[in-house]
Every structure is written in structure tokens, then in C-alpha cells.
Amino acid sequence: VPADGGEIAARCLDGARACPPEDVGGPGGYGGFLEAIKDPGHEEHEDLLEWAGGAFDPEEFSLHDVNAELRDLRKAGSLEALWPPEEE
């Protein structure tokens, strides 16, 4: 979406579920991670919860938080790599 001044502004309109933790190991690793954190008896339960920051809710999604992160990336100049200026 072009913002004032012709700059590109990214904005999330909708979403669902939490983003998998960084370096979780792809789809298979994420599945194993979810199984372990849901089962307190799983041998990796405590270690994976600690690795994920102490808690992880796969159903959590905050449109406000996603858009705040996009604004921060824009301010830092990180979005230009995703959307380079169009050539005229």
C-alpha cells in the first residue's frame, strides 16, 4: 500500500495462529515441538518450553502486534529489501 510520499507501507489485515519459533526445524520440527509442549509427561516438555521463552500458545495471534512489528521494520528500513522501488 503506498503511504504518503510514495513510500510503501506494509499492513496485515487478518491472520490466525502464532508463528512457529525461529529454528524449530521446519514443519516436522514444529509438529514435534507442539506435541512436546502439550504433553507435560513428554521428555522434552520442560526444555522446549524454556527454549521457547517459558510459554507458547500456538493459537495466539495479535493483529496489533503484527502491525506494530511491520511499522518497526519500516522505520528501521528493513522493508525496502522486500519491496524495492519500482523502476519507471
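The coordinates are above.
Right, let's walk through the structure included here.

Rules behind the numbers
Residues numbered from 1 in each chain as written. Predicted model: local features only at pLDDT ≥ 70, side-chain atom pairs only at ≥ 80, totals over all residues. Heavy atoms only, no water. Phe/Tyr/Trp six-rings, centres within 6.5 Å; stacked < 30°, edge-to-face > 60°. Helix = DSSP H or I, 4+ residues; strand = E, 2+ residues; numbered from the N terminus. Buried < 20%, exposed > 50% of the residue type's maximum accessible area, 1.4 Å probe, protein only. Contact = heavy atoms within 4.5 Å. Expected span 1.5 Å × (residues − 1). Arc of directions from axis to C-beta.

1. Some words on the packing of aromatic side chains
How two aromatic rings sit relative to each other is given by the distance of their centres and the angle of their planes.
Item 1. The tally for this structure, following the rule as stated, stands at 4 aromatic pairs.
Item 2. On the numbers, 5.2 Å between centres and 75° between planes, the contact of Phe-33 with Phe-56 is edge-to-face. Taken together, the residues Phe-33 in helix 1 (residues 26-38) and Phe-56 in the loop between helix 2 (45-51) and helix 3 (63-76) connect sequence positions 23 residues apart. Accessibility assignment for this pair places Phe-33 and Phe-56 in one class, buried.
Item 3. A connected cluster of aromatic rings, assembled from ring pairs, spans Tyr-30, Phe-33, Trp-51 and Phe-56.

2. Some details on the side chain of Asn-67
Item 1. Within the secondary structure, Asn-67 sits in helix 3.
Item 2. On the basis of relative accessible area, Asn-67 is assigned to the buried category, the value being 12%.
Item 3. Leave out the neighbours within four places in its chain, and Asn-67 touches Arg-11 and Cys-12.

3. As for helix 1
Item 1. Between the first and last C-alpha of helix 1 there are 18 Å, a value that for 13 residues agrees with the 18 Å anticipated at 1.5 Å per step.
Item 2. Taken as a whole, helix 1 has its buried residues at Tyr-30, Phe-33, Leu-34, Ala-36 and Ile-37. Down the axis of helix 1, the sector holding all buried residues measures 165°, keeping them to one side. Exposed and facing more than 90 degrees away from the buried side of helix 1 are Pro-27, Gly-28, Glu-35 and Lys-38.

4. Observations concerning unusual backbone geometry
One can expect most non-glycine residues to show negative phi and most peptide bonds to be in trans.
Item 1. Positive phi is not limited to glycine here, since Arg-17 has a value of about 70°.
Item 2. With respect to the helices and strands, the residue Arg-17 is situated in the segment before helix 1.
Item 3. Although it is not a glycine, Asp-23 sits at a positive phi angle of roughly 60°.
Item 4. Within the element layout of this structure, Asp-23 appears in the segment before helix 1.
Item 5. On the accessibility criterion, Asp-23 (69% relative accessible area) is exposed.

Functional significance is not addressed by these values, which are geometric in nature.
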